[in-house]
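So you can see what is in the structure, the chains are spelled out below.
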Amino acid sequence: MPAATIQSGSLLARLRTETRPEHEKLERGLDLLRPGLTLGEYICLVERFFGFYAPWEEALQPFFPRWLPDYDEERKKTPKLAKDLQFFGLPIGDVRLCESLPVCAGFADLLGGLYVAEGATLGGQLIARHLERSLGLSGGNGYTFFSSYGPSVGRKWTEFRDLLRRKAEPAMEDQIVVSARQVFQALHGWLCCSDQYGCRV
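Residues numbered from 1 in each chain as written. Predicted model: local features only at pLDDT ≥ 70, side-chain atom pairs only at ≥ 80, totals over all residues. Heavy atoms only, no water.

**Q** Would you mind showing me how to read unusual backbone geometry here?
**A** For residues other than glycine, phi is negative in most cases, and the peptide bonds are mostly trans. Within the chain, Asp31 stands out as a residue other than glycine whose phi angle is a positive 50°. Counting through the fold element by element, Asp31 comes out in the loop between α2 (20–30) and α3 (39–60). Relative accessible area serves as the criterion here: at 38%, Asp31 is assigned to the partly exposed category. (Helix = DSSP H or I, 4+ residues; strand = E, 2+ residues; numbered from the N terminus. Buried < 20%, exposed > 50% of the residue type's maximum accessible area, 1.4 Å probe, protein only.)

**Q** Quick question: what am I supposed to make of the layout of surface pockets here?
**A** In this approach the atoms are scanned with a rolling probe the size of a water molecule, which exposes any empty space left behind. By volume, the largest pocket is sized at about 740 Å³. Residue lining of the largest pocket: 33 residues in total, with His23, Glu27, Gly119, Ala120 and Gly123 positioned closest to the centre. Taken together, the elements giving at least two residues each to the lining of the largest pocket come down to α1 (8–18), α2, α3, α6 (107–135), α7 (144–147) and α9 (173–191). At 11 residues, α6 tops the list of elements feeding residues into the lining of the largest pocket. Tallied by class, residues from the lining of the largest pocket come to 20 nonpolar, 7 polar and 6 charged. (1 Å grid on protein atoms, 1.4 Å probe; cavity = no way out; pocket = protein on both sides within 12 Å on 5 of 7 lines; lining within 4 Å. Points joined across faces, edges and corners; volume = space filled by probe spheres on them. Nonpolar A, V, L, I, M, F, W, Y, C, P; charged D, E, K, R; others polar.)

**Q** Quick question: what am I supposed to make of the side chain of Arg48 here?
**A** One can find Arg48 in helix α3. Although buried, Arg48 forms no salt bridge, and the nearest oppositely charged side chain, Glu47, lies 8.2 Å from it. Here the side chain of Arg48 touches Leu191 through a polar contact of 2.5 Å, landing on its backbone oxygen. (Lys, Arg positive; Asp, Glu negative; His and termini not counted. Salt bridge = Lys/Arg side-chain N within 4 Å of Asp/Glu carboxyl O. Polar contact = N/O pair within 3.5 Å; in protein donor to acceptor, adjacent residues only side chain to side chain.)

**Q** In this structure, what is going on with the side chain of Asp109? I would like to understand it.
**A** Following the sequence through the fold, Asp109 ends up in helix α6. Of the buried charged residues, Asp109 lacks a salt bridge, with Arg66 as the closest side chain of opposite charge at 11 Å. Leave out the neighbours within four places in its chain, and Asp109 touches Val103, Cys104, Gln175 and Ser179. (Contact = heavy atoms within 4.5 Å.)

**Q** Would you explain the pattern of salt bridges in this entry?
**A** Between side chains of opposite charge, a pair can form as their charged atoms come close. According to the stated counting rule, one finds 13 salt bridges in the structure shown. A salt bridge links Lys156 to Glu74; the shortest N-O distance between them is 3.2 Å. Taken together, the positions of Lys156 in helix α8 (residues 153–167) and Glu74 in the loop between α4 (64–67) and α5 (78–87) put the pair 82 residues apart, joining distant regions of the chain. For Lys156, a relative accessible area of 1% gives the class buried. On the basis of relative accessible area, Glu74 is assigned to the partly exposed category, the value being 42%.

**Q** Is there a simple way to think about the environment of Gln86 in this case?
**A** Mapped onto the elements, Gln86 comes out in helix α5. Through-space distance from the C-alpha of Gln86 to that of Asn141 is 9.8 Å; in sequence the pair is 55 residues apart.

**Q** It is not clear to me how empty space enclosed by the protein should be interpreted in this structure. Could you clarify?
**A** All told, the structure shown has 2 cavities of 30 Å³ or more when counted by the stated rule. Looking at the second largest cavity, its volume works out to about 30 Å³. Forming the boundary of the second largest cavity are Trp56, Leu60, Pro102, Val103, Cys104, Asp109, Gly113, Ser179 and Val183. If you list the elements that add at least two residues to the lining of the second largest cavity, you get α3, α6 and α9. Along the lines of polarity and charge, the residues of the lining of the second largest cavity split into 6 nonpolar, 2 polar and 1 charged.

Next up, the structure:
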């Protein structure tokens, strides 16, 4: 490991602090824990998440062989969202895809985007329990995306923190934060602005 490699603690602290406005804005816009969430609203949301992650993860894919050749395939969100849509009987080929994707022009952009995607798995556990209580879903059926890694969420997050410790260099830190903010902003624009997508439910 290069001597100049940063410690993940300082970078994670920056990421938490400097992305908080965008993160909180997205959470308010989605309001996933509201008591009145209906099944139709939830299915529409799953469509919108798929519409973002499918093209975004496809756009990121060419960068992994160069920078993260051993990245865990289980971390991909698109297959989980596809499984949820299939559970509800919705063909993924009909889902409208986001065209205004965050730019990934380098390794720092990739790490910033992955921070957003992996960090969401922590809150996803709380959302999964809410979906079980409010919508009667169970066994991960229809909410694989939010269940993510199940009981392994903590371990997977620790592994991602270790990845940052090993891979992120000091000169990359500012751009990692910028990239994470941009991904949060793009998610909000796609998920929370009704003129950006079309839902069948």
